[in-house]
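So the chains spell out like this:
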Amino acid sequence: TTPPEGYEIATEIKFTVEDGKLVSIDSVTSDGDISDGIVMRDESKTTTSTTTTTTTTTTTTTTTTTTTTTTTTTTTTTTTTTTTTTTTSTTEETTTTTTTTTLAKVKIDKRDFDGNEVPGATLELSGIDKDGNPIIFDEDTLIDKGTGVDVQNGSGNKVVWISGTSATTFGLKDGKYTLVETTPPEGYEVATEINFTVENGKLVSIDSVTSDGDISDGIVMRDESKTTTTEETTTTTQDVSGDYETFTTTTGPMDYDEGKFVNVEICKKNLDGEEIKGAQLSLTGVDKNGKDIVFSPSRLALGENAELITTESGTELIWISGDTPTTVKNLRDGQYTLHEVAAPNGYEVTTDIIFTIEDGKLVGDAEYVTDNSITMIDDYAEVTTTTTETETTTTTTVDIDTATETTTESSETTTTTSETTVTSTTTAPSTDAPPTGVEGVSAALAMMILAAGTAFAVRRKKD
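Since this is a predicted model, take the numbers as computed values, not measurements.

Looking at where N116 falls in the secondary structure, it is placed in the loop between β5 (104-112) and β6 (122-128). In the structure, N116 is positioned 177 residues away from I293 in sequence and 9.6 Å away in space, judged by C-alpha atoms. Other than its neighbours up to four places away in sequence, N116 contacts K110, R111 and K291.

Here it is, written out as structure tokens:
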């Protein structure tokens, strides 16, 4: 832009740098030596001075020597290439989610109302999960196939099997399930379907009225049996010879619905008509064929503060009475015995009550049977009362000569034992005997001393 003094302005130089290198110089003033960088050269100015002197004939010539000084400016371009290496570390985090599904072990059993296993029933099990989607069963669903069980379909959206002589155990996911009997065994009615729920790997509810409700024992579907009867018709005819001939015709079989059951309320009261708690009771029975009836613990609807003793199905149902009556459900035709095993404190064990169910109705002595209720009454226990009476006799002897007094006491104890059923009242006997206490003794002693003194004075007077 500004040359040094004595120099001309140099022509501009254009150059190019690519990839960190000087690659071209297009100025004509460049020497083209790219490796040496850029050289800009200045040209020096030339100054000519002429002096003319006219004098006569003398001419003076002055010669000027011009010295050209060349100043070379070297521009060096240093290219520094910085390579930055960026190392990026990428950490991949893998999250593993483990979902554990807890299966509920649910036993499904097929029985009649006497507690006997019923083989030959075709059953179907289906269900939906919490989102309402059908539950898909697989080979792991069936944990333990019961004896004689025939599995028709073990996978898909339903399990189908034919009951055997023991229960079948399933591993079931959480959800709502429906158990249906599609075909009952011969001689039985189709049972009502059972709906139940599994939550958190446990069987939590059974809402079917045909279920025995014992969740810990699983699902029990009960079949009502059919009863087959025949009807005989007797016809008597007389032939032409006068002889009589009798024909017996049997018609049938005819089926009728025997499914008549009754709920029986059991009351435990005292003589005052109050419900009493703490009596251990048992119920047994036989059906009309004389066969022992099998009871399930779920047959009992316990009264308030009553306690169940029986924990498994059997021929005897045992419980302890509470503050309100207990109801035995679904009693079929037969003869039953209500027995008191142990009476509460203060009461006597009463006699057994035998009653009958006929055609779905409770029949028995009107003394303890009212409608569908049985009342067993306990007598009060006898209370033994022992009364002890002690009679003390005091005898005082005075020696007049020595003026000494001797007192003798004797005691007689009488023990009386009486028995009563409620309370015992003891009345102390009254007597008109003179007092034997201190006051009575003192009075007698005073009189005796007075008499002795009088006798002594009389003797001195005589002497």
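On we go.
This paragraph deals with unusual backbone geometry. Of note in this structure, D19 is not a glycine but carries a positive phi near 55 degrees. Considering the arrangement of structural elements, one finds D19 in the loop between β1 (15-18) and β2 (21-25). Even without being a glycine, N305 presents a positive backbone phi close to 65 degrees. Tracing the backbone through its elements, the reader meets N305 in the loop between β19 (300-301) and β20 (307-308). Classification of N305 as partly exposed rests on a relative accessible area of 45%.

Let us now look at the pattern of salt bridges. Tallying each qualifying case throughout the model produces 7 salt bridges. E181 is the salt-bridge partner of K110, the closest N and O atoms lying 3.6 Å from each other. With K110 in strand β5 and E181 in strand β11 (residues 175-183), this residue pair connects regions lying 71 residues apart in the sequence. Judged by relative accessible area, which is 4%, E181 ranks as buried.

Here we come to the sheet that holds strand β7 (residues 142-144). An order of β7-β10-β5-β14 is seen for the 4 strands of this open sheet, with the pairing classed as mixed. Two strands lie at the open edges of the sheet, namely β7 and β14 (219-223), each paired on one side alone. Ignoring which end each strand starts from, the neighbouring axes of this sheet average 30 degrees apart. Inspection of the sheet shows β5 paired to strand β10 (residues 168-172) by 5 bridges, in the antiparallel sense. When the sheet's bridge partners are listed, K107 is paired in β10 with T169.

Quick notes on the rules
- Residues numbered from 1 in each chain as written.
- Predicted model: local features only at pLDDT ≥ 70, side-chain atom pairs only at ≥ 80, totals over all residues.
- Heavy atoms only, no water.
- Helix = DSSP H or I, 4+ residues; strand = E, 2+ residues; numbered from the N terminus.
- Contact = heavy atoms within 4.5 Å.
- Buried < 20%, exposed > 50% of the residue type's maximum accessible area, 1.4 Å probe, protein only.
- Salt bridge = Lys/Arg side-chain N within 4 Å of Asp/Glu carboxyl O.
- Pairing = 2+ DSSP bridges.
- Axes fitted to C-alpha atoms, helices over the stretch in contact; angles between N-to-C directions.

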